[in-house]
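Residue-level structure breakdown
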Number of protein chains: 2
Amino acid sequence: MTYCAAMKLDRGIVFASDTRTNAGVDNIAKFRKTYLWRNPGDRVLVLLSAGNLSVSQSVHSILNEALHESATNSESEKETLFTVNSLFRAARLVGATVREVRDVDGPMLENSDTGFYASFIFGGQIGDEPPRLFQIYSEGNFIEATEDTPFLQIGEHKYGKPILDRVADPKMRLGEAAKLLLLSFDSTIRSNLSVGMPLDLLIYERDKLDVNRQMRIEENDPYFNELSENWSEALRNAFSSSRELDI
Amino acid sequence: MTYCAAMKLDRGIVFASDTRTNAGVDNIAKFRKTYLWRNPGDRVLVLLSAGNLSVSQSVHSILNEALHESATNSESEKETLFTVNSLFRAARLVGATVREVRDVDGPMLENSDTGFYASFIFGGQIGDEPPRLFQIYSEGNFIEATEDTPFLQIGEHKYGKPILDRVADPKMRLGEAAKLLLLSFDSTIRSNLSVGMPLDLLIYERDKLDVNRQMRIEENDPYFNELSENWSEALRNAFSSSRELDI
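Residues numbered from 1 in each chain as written. Chains lettered and ligands numbered in written order. Predicted model: local features only at pLDDT ≥ 70, side-chain atom pairs only at ≥ 80, totals over all residues. Heavy atoms only, no water.

1. Describing the relation of the copies chain B and chain A
Related by rotation about an axis and a shift along that axis, the two copies of the chain form a pair. Condition: Least-squares fitting of one copy onto the other uses the C-alpha atoms of those residues that reach a pLDDT of at least 70 in both copies. The contact rule is simple, with two residues in contact once any of their heavy atoms fall within 4.5 Å.
Note on the copies: chain B fits chain A at an RMSD of 0.0 Å, the axial shift is 0.0 Å, and the rotation between them is 180°. Taken together, the rotation and translation relating the two chain copies correspond to the operation of a two-fold axis. Among all residues of chain B, the one whose C-alpha sits closest to the rotation axis is B:Y159, at a distance of 2.4 Å. Both copies share a contact surface, since 100% of the interface residues of chain B are interface residues in chain A too.

2. Describing the sheet that holds strand β7 (residues 118-126) of chain A
Note on sheets: strands pair through backbone hydrogen bonds, and any given pair is parallel or antiparallel. Residues and elements named next belong to chain A. Stated precisely, the cut-off is as follows: DSSP-based pairing: two strands are paired if at least 2 bridges between them are found. Strands are runs of DSSP state E lasting at least 2 residues, helices are runs of H or I lasting at least 4, and numbering of each runs from the N terminus. Inter-axis angles, ranging from 0 to 180 degrees, are taken between N-to-C directions of lines fitted to C-alpha atoms, where helices are fitted over the stretch in contact.
The antiparallel open sheet is built from five strands, whose spatial order is β5-β6-β7-β8-β9. Whereas interior strands pair on both sides, the edge strands pair on one side only; in this sheet they are β5 (34-39) and β9 (142-144). Within the sheet, the average angular offset between the axes of one strand and its neighbour, ignoring direction, is 15°. Sheet strands touched by helix α2 (residues 87-110): β6 (43-51), β7, β8 (132-136) and β9. Its angle to β7, the strand with the most contacts, is close to 155°.

3. Points about the interface of chain B and chain A
It is common to give the size of an interface as the accessible area lost on bringing the parts into contact. Filter applied, for reference: By buried area we mean how much accessible surface two parts lose on assembly, using a 1.4 Å probe and totalling the loss over both. The term salt bridge refers to a pairing of a side-chain nitrogen on Lys or Arg with a carboxyl oxygen on Asp or Glu at a separation within 4 Å. Nitrogen and oxygen atoms within 3.5 Å of one another constitute a polar contact, given that in protein one can donate a hydrogen and the other can accept it, and given that sequence-neighbouring residues count only through two side-chain atoms. Following the grouping adopted for this structure description, the nonpolar residues are Ala, Val, Leu, Ile, Met, Phe, Trp, Tyr, Cys and Pro, the charged ones are Asp, Glu, Lys and Arg, and the polar ones are all others, Gly among them.
On the chain A side, the residues contacting the 44 residues of chain B number 44 residues. The three residues of chain B that bury the most area against chain A are B:R166, B:F239 and B:I247, which together make up 22% of that side's buried surface. Taken together, the connections running from chain B to chain A amount to eight salt bridges. The residue B:E156 makes a salt bridge to A:K158 at a minimum N-O spacing of 2.7 Å. For the interface between chain B and chain A, the tally reads 22 residue pairs in polar contact (both at pLDDT 80 or more). Listed by contribution, the elements that provide at least two residues to the side of chain B that touches chain A are α3 (161-167), α4 (174-191), β11 (199-205), β12 (213-217) and α5 (222-241) of chain B. Looking at side-chain class alone, the side of chain B that touches chain A contains 20 nonpolar, nine polar and 15 charged residues.

4. Some remarks on the pairing of strand β8 (residues 132-136) of chain B
Residue and element names in this part refer to chain B. Stated precisely, the cut-off is as follows: The buried label goes to any residue with under 20% of its type's maximum accessible area, the exposed label to any with over 50%, and the partly exposed label to all in between, with areas taken from a 1.4 Å probe on protein chains only.
Across the five residues that make up β8, a large majority, five, are buried. Of the two faces of β8, both are covered, the one formed by R132, F134 and I136 as well as the one formed by L133 and Q135. Looking at chain direction, strand β7 (residues 118-126) and β8 are connected through five bridges and run antiparallel. What sits directly across from F120, in β8, is I136. Taking the residues that link successive antiparallel strands as the turn, the β7-β8 hairpin has five residues, and the phi of G127 there is positive, at about 55°. Pairing between β8 and strand β9 (residues 142-144): three bridges, direction antiparallel. Paired with I136 across the bridge in β9 is F142. Once β8 ends, the chain turns through five residues before running back antiparallel as β9, passing G140 with a positive phi of about 95°.

5. Details of unusual backbone geometry
Residue and element names in this part refer to chain A. Here the residue pair M197 and P198 is connected by a cis peptide bond, since its omega of -5° sits within 30 degrees of zero. Positive phi outside glycine occurs at N220, with the angle close to 70°. Along the chain, the position of N220 falls in the loop between β12 (213-217) and α5 (222-241). Overall, N220 belongs to the exposed group, its relative accessible area being 60%.

6. Considering the nonpolar core
Selection criterion: The set of buried Ala, Val, Leu, Ile, Met, Phe, Trp, Tyr and Cys residues whose side-chain atoms join them within 4.5 Å is what this entry labels a nonpolar core.
Membership of the largest hydrophobic core comes to 66 residues, with the highest contact counts inside it found for A:V14, B:V14 and B:L182. Once you skip the residues sitting within four places of it in the chain, A:V14 turns out to touch A:A5, A:A6, A:M7, A:L9, A:L174, A:A177, A:A178, A:L181, A:L201, A:L202 and A:I203.

7. Some remarks on the confidence of the model for chain A
For residues with low pLDDT, the predicted coordinates do not support detailed interpretation. Residues and elements named next belong to chain A. Definition in use: Residue-level confidence of the predictor, termed pLDDT, takes values from 0 up to 100.
When pLDDT is averaged across chain A, the result is 93; 100% of the residues are at 70 or more. Mean pLDDT in chain A bottoms out at strand β4 (residues 28-30), which sits at 83, and peaks at strand β2 (residues 12-17), which reaches 98. Predicted complex, confidence summary: ipTM 0.82, pTM 0.89.

8. Remarks on α2(A)
Residues and elements named next belong to chain A. Our working definition: Working rule for helices: expected span equals 1.5 Å times residues minus one. To get the bend at a given residue, fit one axis to the seven residues ending there, fit another to the seven starting there, and take the angle between those axes.
Along its 24 residues, α2 runs just 30 Å from first to last C-alpha, ending more than 12% under the 34 Å computed at 1.5 Å per residue. Along its length, α2 reaches its greatest deviation from straightness, about 55°, at V104, and the proline P107 lies no more than four positions downstream. Among all positions in α2, only L87, A90, A91, L93, V94, G95, T97, V98, V101, G106 and L109 are buried. Those residues of α2 hidden inside the fold are in contact with β6, α1 (53-72), β7, β8 and β9.

Next comes the structure, spelled out in structure tokens:
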């Protein structure tokens, strides 16, 4: 499994992903699942992926090949992540790419225990349009985050959902949202072996049309350890201070 | 789905289950999933069930029929929950009963989308033996809770696991453990529609060989609401007080 989550806020979007992939617990590897495309001043696009790594890497490669073709052949009319004029069109392009990979690999995968499974969080900003955030399914269709539910999760999402359900708010500052996502990851990592450090964190500030706030949080990162320990202590204190049932 | 959890402590065992069953979100019903057998002074046995309701009800009925047969026919040599001389043997009897149901209903269920799925938490105390707690699978095999992992969960277990992972300790008092299980249920109910109130809570005190602490916690129970609200506030306070990442 994998865990990725993102929150759309009034002030921008925060993305986070883990780096663990596994084919069984005896076959664990580290892969980056956050892909970033940027054309400063024009657009920023971020893709997080969960599911079958071969599918998500193929999607990434095909999207990049189209960009390369467009850059080297000025007569190319192929739609690319750098030519579409809205996030909605960009999400459609990613969805169409998932279907393209499914055409090739779907039949064999669906006949295996693995199945054809990949899901994506995709967001960013193009020109004057406000930032937008989508979740794209294995079938290539997608939904968009709204005010009511500002966060999206893919992969091993259940352990880290209660904290998001209780605290997430689109009015948060970007730093607060980053902290919240890290706590959601901490809960997940403590309870599930298939999600693991390091984490990739990317903060997109609205209307910046570029990215300069991203980092990898390694195992034993002092900030992350402090956050995790303080959180455990706060939970235990909160637990002790609430009264017991009279039964 | 369903959510059931139990904790084995030095001082006894606490059991909790929700009451929601559903066949799709448009077909929700309320069923008790905690079954209790007691022979005061001799034994207390508690069974919590998740999965296919027809399977768990059949298991319950077969176990009761054997008790009835044994009670009305003094020559019956059939092993029952009241004749086995250890919790391990009792768990084997439940496992064998699951297999008996599988023989009848398994083939048809396995050929449907539903599948044959039922899992159980089973615990209590028989005579001088210390209290024991088991998790019984659809296949009839089972595992036992130990000092290292004093809690067991079945059904929709992921949302409520982080709090148990952080706080559970076999040295807790029974009332503390009940509070912890209720918080685990609160997190699950907030995040997942397939788990719902009311809840059934049962506290077994070691060496009591009877049960006098059990209750149903209804929707809008004042204690549960207070616990849930205080917990949310404590989480939000803990969230605000931990520092943000410098990124």
